[in-house]
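# What the coordinates show
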Amino acid sequence: MELTDTKETKQASVAVDYGAENIQVLSGIEHVRKRPAMYIGDVGIRGLHHLVYEIVDNSVDEALAGYNDYIYVSINADGSITVQDRGRGIPVGIKKDTGKSALELVMTVIGAGGKFDKNSYKVSGGLHGVGASVVNALSEWCEVEVQREGKIFFQRYERGIPKADVKEIGKSKQSGTRTTFMPDPLIFKNREFRFETLAERMRELAYLNRNLTIIIEDKRDGQREEFHFKGGIAEFVSDLDKKANRLAITKKLIFIEGEKDGTMVEIAFQYNNSYQENVFSYVNNINTHEGGTHLTGFRKALTRTLNNYATKNELLKSAKNLQLTGDDYREGLTAVVSVKVPEPQFEGQTKTKLGNSETQTIVETMVNEKLSEFIEQNPGVAKIIIEKAIGAAQAREAARKAKELTRRKSALDSFSLPGKLADCSISDPELCELYIVEGDSAGGSAKQGRDRRFQAILPLKGKILNVEKARLNKMLENDEIRTIITALGTGIGEGDFDTEKLRYGKIILMTDADVDGSHIRTLLLTFFFRYMRGIVEAGKVFIAQPPLYLVKCGKENVYAWDDEERNEAIKRFESKGKENIVIQRYKGLGEMNPEQLWETTMNPETRTLLQVGIDNAMEADKIFSTLMGDEVEPRRQFIETHARYVRRLDV
Ligand code: 0RA
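What comes next concerns the included structure. (Residues numbered from 1 in each chain as written. Predicted model: local features only at pLDDT ≥ 70, side-chain atom pairs only at ≥ 80, totals over all residues. Heavy atoms only, no water.)

Not every one of the 10 residues close to the ligand is listed here, only the nearest: Asn58, Glu62, Asp85, Arg88 and Arg148. Contacts to the ligand include Asp85, whose side-chain N or O atom sits 2.6 Å from a nitrogen atom. (Near = heavy atom within 4 Å. Polar contact = N/O pair within 3.5 Å; in protein donor to acceptor, adjacent residues only side chain to side chain.)

Attention now moves to unusual backbone geometry. Unusually for a residue other than glycine, Asn245 sits at a positive phi of about 55°. By the element assignment, Asn245 lies in the loop between α8 (233-243) and β12 (254-260). Exposure remark for Asn245: the relative accessible area of 30% places this residue in the partly exposed category. With a phi angle near 50°, Asp261 is a residue other than glycine that sits in the positive phi range. Following the sequence through the fold, Asp261 ends up in the loop between β12 and β13 (263-271). In this structure Asp261 comes out as exposed when scored by relative accessible area, which is 63%. (Helix = DSSP H or I, 4+ residues; strand = E, 2+ residues; numbered from the N terminus. Buried < 20%, exposed > 50% of the residue type's maximum accessible area, 1.4 Å probe, protein only.)

In total, this model carries 37 salt bridges according to the counting rule given. The salt bridge involving Arg156 is made with Glu143; its shortest N-O contact spans 2.7 Å. Here the residue Arg156 occupies a position in strand β6 (residues 151-158), and Glu143 occupies one in strand β5 (residues 139-148), the gap between them amounting to 13 residues. One salt bridge in this structure joins Arg210 and Glu257, with 2.7 Å as the shortest N-O distance. Linking Arg210 in the loop between α7 (195-208) and β10 (213-218) with Glu257 in strand β12, this pair joins segments that are 47 residues apart in sequence. Bridged by salt links that share partners, the residues Glu143, Arg156, Glu158 and Lys163 form one connected network. (Salt bridge = Lys/Arg side-chain N within 4 Å of Asp/Glu carboxyl O.)

What follows concerns the packing of helix α15 (residues 479-488) against helix α16 (residues 515-531). It is the contact of α15 with α16, at a shortest axis distance of 13 Å, that shows an interaxial angle of 60°. It follows that α15 is oblique to α16 by the angle criterion. As α15 runs across α16, the sense of the crossing is right-handed. The segment α15 lies against α16, with Ile481, Ile484, Ile485 and Leu488 engaging Leu524, Phe527 and Phe528. Across the contact of α15 with α16, the residue classes break down as seven nonpolar, no polar and no charged. (Axes fitted to C-alpha atoms, helices over the stretch in contact; angles between N-to-C directions. Parallel < 35°, antiparallel > 145°, perpendicular 65-115°, else oblique. Left-handed = near helix turned anticlockwise from the far one by under 90°. Contact = heavy atoms within 4.5 Å. Nonpolar A, V, L, I, M, F, W, Y, C, P; charged D, E, K, R; others polar.)

This brings us to helix α13 (residues 440-449). Restricting attention to buried positions, one finds in α13 the residues Ala442, Gly443, Ser445, Ala446 and Gly449. The arc that holds the buried residues of α13, viewed along the axis, is 160°, so those residues lie on one side. Looking at α13, the residues exposed on the side facing more than 90 degrees away from the buried face are Ser441 and Gln448. (Arc of directions from axis to C-beta.)

In this section: the sheet that holds strand β15 (residues 286-287). Here we have five strands laid out as an open sheet, ordered β12-β13-β16-β14-β15, and mixed in their pairing. Each end of this open sheet is capped by a strand with a single partner; those strands are β12 and β15. Relative to β13, β12 runs antiparallel, the two sharing seven bridges. Bridged to Glu259 within β13 is Met264. Against the sheet, helix α9 (residues 293-312) touches β13, β14 (277-283) and β16 (333-340), its axis set at about 130° to β16. (Pairing = 2+ DSSP bridges.)

Counted at 1.5 Å a residue, the expected span for helix α11 (residues 357-377) with its 21 residues is 30 Å, and the 31 Å between its end C-alpha atoms agrees. Looking at α11, one finds that the buried residues are Thr359, Gln360, Ile362, Val363, Glu364, Met366, Val367, Asn368, Leu371, Phe374 and Ile375. (Expected span 1.5 Å × (residues − 1).)

With respect to the helices and strands, Trp561 occurs in the loop between β24 (556-560) and α18 (563-575). Apart from residues no more than four positions distant in its own chain, Trp561 is found in contact with Gln545, Pro546, Pro547, Leu548 and Thr600. At 2.5 Å, the side chain of Trp561 and the backbone oxygen of Gln545 are in polar contact.

Turning our eyes to something else, we now look at the sheet that holds strand β26 (residues 609-611). Sheet architecture is open: five strands sit in the order β20-β19-β21-β22-β26, paired in mixed fashion. Lying at the two open borders of the sheet, with one neighbouring strand each, are β20 (455-460) and β26. The sheet shows a mean angle of 25° between the axes of neighbouring strands, taken without regard to direction. Pairing of strand β19 (residues 433-438) with β20 involves six bridges; the strand directions are parallel. When the sheet's bridge partners are listed, Val437 is paired in β20 with Pro459. In the packing of α15 onto the sheet, contacts are made with β19, β20 and β21 (506-510), and the angle to β20 comes to roughly 170°.

As far as function goes, none of this settles anything; it's purely spatial.
Shown next as structure tokens:
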């Protein structure tokens, strides 16, 4: 919205005179520097990486226009970033009305972008699609080199302002654009780029644009990755399954592709032996976390086409009188839906939901037609998919019966809370916290140590069921799972689960700092991720951080959360000339008495909580299925690096 404002005033100023243009440029840059978050989301680590995506997006656009097939990204030794492509090169000619080079305008006029090439098919765009000028304004310095018309052109900027006119600095037979920028320390407190973060996005872009080769290099330590996927999103789908150890149940992956009224559609999907749905959707290379019309179109067409085929070919006999629903057809489905829409409308809380109604029609019609064709030609594949859906429907029916039965016995009913739950006395959910605690003994300490006005304790005995390997009906047979559902009050499953009914503002997982504890925590997180994703997305799930050590000297107690803190505590005592320092390593929560547990882990004034969020659903899916799937080796490796993963979820 603010961007539109700027553009309008800019056009007005162009008509006024040459000087006004300069003033406009300066005020645009000033505004970006004053309100960076408005342009790039935030000035934290996320916004920092967003700078790179903005620049890369321009090169992706050039690829989509059909002029580029190569992008090279490097994190340089000095911490700056270089992005190079082999496109046509940013135009450098002088624009009549301003007397300035087009390159300079692209780099300095906020909102100018590549707009002056009206015929280009610009579909890509980052969070806000703000372009090179914003990155330039937020950089301590920035240099652009354009290869074009047999020559090399160059311009340098500092904090968005050109140091000199565009200059010819050499000859070249190739064409392309190279941008190098150093994020401004006055804007970004932390300027450390993470190779992994950038590489993940480059990998994703390479899957989504199958003609592209993207190379990313880290000059700080020599890491390098090269991404090129001939199969595009089809390869994306099979790699997602491979990484998560899901096995395909049909020989063929289904790929649908087409174009209508300027909208390009690409869909790839495959059924696997899991019970989860893993559908990732993209609009103009942006992950639409909240879905939207493109996804709705796909889902509707999938259900309708498969249902029609099943009915026509009398494949539903074993389903008895059960109606197959969309959910049934999405059990064990991994899919990538990618559309390129000329003028996308983004809606939703995080602006990641596509709103264009014409896109739904385009996708739905295309999938109806092409999927029908595919299954007519591949009846074997169709049969497997429909049998899988019948299995899902039967399990859904069993779950419904189980829920009804347990509801009658009041087990899932929040009016009769489980006996193990020590509830709090305040009833306003926003103020209340539920500690889910590993083991009865730690549960006992937590009950005694808590502030019973707003803290509730639910002790769990041993391990909960691995939800990654079971359907909902099986899970509802598990006592621990039922107890959690009841305590939370949200209900579960299609039509029942409701985040609004959550009885607590914070759900805090408190497990031992050992392998078992981390396993239990992961089981719980998997359960929340798969069946109560709403509460994770709402940021209601936290992980308690009990200390690892108690360093004791006389009457003085110092807690330490890692080895470094422990050593510091010891040093401090020693420097005071104290002796008889006792170090206790906590093996479990149960070793802490109620007061200690309160002081270190439960008191809101002194504790640290890790908030669990889903920054990247794709990554989370991979992590959970690797962790909880059948393969033992990846799970073992994972548990060892688990602490890192939690911190990452917290980003
Ligand atoms: C506007 C027009 C033309 C190319 C570009 C922008 C362009 C911008 C970037 C930014 C990074 N790489 C880029 N590559 C191209 C086309 C002008 C023509 O007709 O040659």
